[in-house]
Amino acid sequence: MEKGPFSVEWLAQSSRSGGRVTPGEIPPQTPPSVPADTPRDREAAERRSPGHEAESGGGAPGRSRTKFSAAQLQELERSFREQRYIRAGEKQRLAAVLDLSQSQIKTWFQNRRMKFKRQTQDAR
(Lines give C-alpha, C1' and ligand atoms only; values in the text may rest on other atoms or scores of the structure.)
Protein backbone atom coordinates (compact mmCIF):
# COMPACT_ATOMS: atom_id res chain seq x y z
CA MET A 1 0.00 0.00 0.00
CA GLU A 2 1.46 3.34 -1.02
CA LYS A 3 1.65 6.07 1.58
CA GLY A 4 -0.03 9.13 0.15
CA PRO A 5 1.24 12.64 0.76
CA PHE A 6 0.25 13.98 4.15
CA SER A 7 -0.93 10.59 5.44
CA VAL A 8 -0.16 9.83 9.06
CA GLU A 9 2.68 7.52 8.03
CA TRP A 10 4.15 10.08 5.63
CA LEU A 11 3.96 12.87 8.23
CA ALA A 12 5.59 10.68 10.88
CA GLN A 13 8.43 9.75 8.55
CA SER A 14 8.93 13.27 7.28
CA SER A 15 9.10 14.66 10.81
CA ARG A 16 11.87 12.17 11.64
CA SER A 17 13.86 13.28 8.60
CA GLY A 18 13.73 16.95 9.53
CA GLY A 19 10.85 17.79 7.20
CA ARG A 20 13.01 17.96 4.03
CA VAL A 21 10.77 15.61 2.06
CA THR A 22 8.35 16.53 -0.69
CA PRO A 23 4.90 14.94 -0.92
CA GLY A 24 5.03 11.62 -2.75
CA GLU A 25 8.67 11.06 -1.82
CA ILE A 26 9.30 8.42 0.81
CA PRO A 27 11.86 9.73 3.32
CA PRO A 28 14.80 7.56 4.32
CA GLN A 29 14.35 5.86 7.65
CA THR A 30 16.96 5.85 10.38
CA PRO A 31 17.95 2.28 11.14
CA PRO A 32 16.89 1.22 14.66
CA SER A 33 20.40 -0.01 15.40
CA VAL A 34 21.85 3.52 15.52
CA PRO A 35 23.30 4.03 19.01
CA ALA A 36 22.10 6.90 21.17
CA ASP A 37 24.42 9.89 21.01
CA THR A 38 23.95 11.41 24.44
CA PRO A 39 23.26 10.09 27.96
CA ARG A 40 19.78 11.67 27.73
CA ASP A 41 19.11 9.73 24.48
CA ARG A 42 20.31 6.51 26.09
CA GLU A 43 18.07 7.08 29.13
CA ALA A 44 15.07 7.75 26.90
CA ALA A 45 15.81 4.60 24.88
CA GLU A 46 16.04 2.57 28.09
CA ARG A 47 12.69 3.92 29.27
CA ARG A 48 11.09 2.90 25.98
CA SER A 49 12.58 -0.59 26.02
CA PRO A 50 10.16 -3.37 26.98
CA GLY A 51 10.17 -4.47 30.59
CA HIS A 52 12.03 -1.41 31.81
CA GLU A 53 10.57 0.23 34.87
CA ALA A 54 11.74 3.66 35.92
CA GLU A 55 13.35 3.47 39.32
CA SER A 56 12.73 7.10 40.19
CA GLY A 57 9.26 7.31 38.70
CA GLY A 58 10.33 10.05 36.28
CA GLY A 59 11.26 13.62 37.00
CA ALA A 60 14.62 15.27 37.03
CA PRO A 61 17.54 12.87 37.44
CA GLY A 62 19.42 13.28 40.72
CA ARG A 63 16.69 15.38 42.31
CA SER A 64 14.68 13.70 45.04
CA ARG A 65 11.24 14.82 46.09
CA THR A 66 11.21 17.41 48.87
CA LYS A 67 9.57 16.11 52.01
CA PHE A 68 8.23 19.05 53.97
CA SER A 69 8.12 18.83 57.75
CA ALA A 70 4.86 19.35 59.64
CA ALA A 71 6.07 22.78 60.81
CA GLN A 72 6.98 23.81 57.26
CA LEU A 73 3.59 22.67 55.95
CA GLN A 74 1.78 24.47 58.73
CA GLU A 75 3.54 27.76 57.90
CA LEU A 76 3.06 27.30 54.14
CA GLU A 77 -0.66 26.53 54.59
CA ARG A 78 -1.08 29.55 56.90
CA SER A 79 0.53 31.79 54.31
CA PHE A 80 -1.60 30.24 51.53
CA ARG A 81 -4.82 30.91 53.48
CA GLU A 82 -3.84 34.59 53.71
CA GLN A 83 -2.79 34.96 50.07
CA ARG A 84 -2.98 32.35 47.27
CA TYR A 85 -0.34 34.15 45.21
CA ILE A 86 2.89 34.73 47.10
CA ARG A 87 4.73 38.05 46.84
CA ALA A 88 8.50 38.28 46.42
CA GLY A 89 9.09 39.57 49.96
CA GLU A 90 6.94 36.85 51.54
CA LYS A 91 8.68 34.22 49.41
CA GLN A 92 12.08 35.42 50.67
CA ARG A 93 10.86 35.48 54.27
CA LEU A 94 9.39 31.97 54.08
CA ALA A 95 12.50 30.60 52.40
CA ALA A 96 14.69 31.96 55.18
CA VAL A 97 12.38 30.91 58.03
CA LEU A 98 11.65 27.43 56.68
CA ASP A 99 15.16 26.72 55.37
CA LEU A 100 13.88 26.12 51.83
CA SER A 101 14.80 27.69 48.50
CA GLN A 102 12.60 30.35 46.94
CA SER A 103 12.08 27.97 44.04
CA GLN A 104 10.70 25.33 46.42
CA ILE A 105 8.34 27.90 47.94
CA LYS A 106 7.17 29.02 44.49
CA THR A 107 6.60 25.42 43.37
CA TRP A 108 4.72 24.55 46.57
CA PHE A 109 2.36 27.51 46.00
CA GLN A 110 1.79 26.50 42.37
CA ASN A 111 1.01 22.93 43.39
CA ARG A 112 -1.22 24.09 46.25
CA ARG A 113 -3.22 26.34 43.90
CA MET A 114 -3.80 23.36 41.60
CA LYS A 115 -4.90 21.25 44.58
CA PHE A 116 -7.24 24.04 45.67
CA LYS A 117 -8.67 24.28 42.14
CA ARG A 118 -9.31 20.51 42.02
CA GLN A 119 -10.96 20.58 45.45
CA THR A 120 -13.28 23.45 44.53
CA GLN A 121 -14.21 21.79 41.21
CA ASP A 122 -14.93 18.45 42.94
CA ALA A 123 -17.15 20.19 45.47
CA ARG A 124 -19.53 21.43 42.74
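If you're wondering where the values come from, they're calculated on a predicted model, not measured in any experiment.

Peer 1: Sorry if this is basic, but what is going on with the packing of aromatic side chains here?
Peer 2: Given two aromatic rings, one states the distance between the centres and the angle between the planes to describe the pair. Tallying each qualifying case throughout the model produces four aromatic pairs. Summarising the aromatic geometry, the rings of Phe 80 and Phe 116 are spaced 6.1 Å apart at their centres and angled 70° between planes, so their arrangement reads as edge-to-face. Remark: Phe 116 occurs in helix H5 (residues 102-123) and Phe 80 occurs in helix H3 (residues 70-82); sequence separation between them is 36 residues. Owing to a relative accessible area of 27%, Phe 116 belongs among the partly exposed residues under this scheme. Here Trp 108 and Phe 109 contribute two aromatic rings whose centre-to-centre distance is 5.3 Å and whose plane-to-plane angle is 75°, an arrangement assigned as edge-to-face.

Peer 1: Would you mind going over the packing of H3 against H5 with me for this structure?
Peer 2: A pair of packed helices can be characterised by two numbers: the angle between their axes and the separation between those axes. As a packed pair, H3 and H5 sit with axes 11 Å apart at the nearest point and diverge in direction by 65°. Regarding H3 and H5, the two cross each other, and that crossing is right-handed. Residue-level inspection shows Leu 73, Leu 76, Glu 77, Ser 79 and Phe 80 of H3 in contact with H5, the latter providing Ile 105, Trp 108, Phe 109, Arg 112, Arg 113 and Phe 116. Across the contact of H3 with H5, the residue classes break down as seven nonpolar, one polar and three charged.

Peer 1: In this structure, what is going on with the pattern of salt bridges? I would like to understand it.
Peer 2: Side-chain pairs of opposite charge can arise whenever the charged atoms involved come near each other. Across all of its chains, the model carries five salt bridges by this definition. Counted as one network, the salt bridges with shared partners bring together Glu 75, Arg 78, Glu 82, Glu 90 and Arg 93.

Peer 1: Looking at this model, I keep getting lost on the side chain of Gln 72. Mind explaining?
Peer 2: Structurally, the position occupied by Gln 72 is in helix H3. Given the relative accessible area of 14%, Gln 72 is considered buried. The residues contacting Gln 72, other than those within four sequence positions of it, are Lys 67, Leu 98, Asp 99 and Leu 100.

Peer 1: Got a minute to help me understand the nonpolar core in this structure?
Peer 2: It is characteristic of soluble globular proteins that their nonpolar side chains tend to be buried jointly. In this structure, Leu 76, Phe 80, Leu 94, Ala 95, Leu 98, Leu 100, Ile 105, Trp 108 and Phe 109 together form the largest nonpolar core, which totals nine residues. Contributing elements (two or more residues each) for this core: H3, helix H4 (88-98) and H5.

What counts as what
Residues numbered from 1 in each chain as written. Predicted model: local features only at pLDDT ≥ 70, side-chain atom pairs only at ≥ 80, totals over all residues. Heavy atoms only, no water. Phe/Tyr/Trp six-rings, centres within 6.5 Å; stacked < 30°, edge-to-face > 60°. Helix = DSSP H or I, 4+ residues; strand = E, 2+ residues; numbered from the N terminus. Buried < 20%, exposed > 50% of the residue type's maximum accessible area, 1.4 Å probe, protein only. Axes fitted to C-alpha atoms, helices over the stretch in contact; angles between N-to-C directions. Left-handed = near helix turned anticlockwise from the far one by under 90°. Contact = heavy atoms within 4.5 Å. Nonpolar A, V, L, I, M, F, W, Y, C, P; charged D, E, K, R; others polar. Salt bridge = Lys/Arg side-chain N within 4 Å of Asp/Glu carboxyl O. Core = buried A, V, L, I, M, F, W, Y, C linked by side-chain atoms within 4.5 Å.

Remember, this is a structural readout, not a statement about activity or role.
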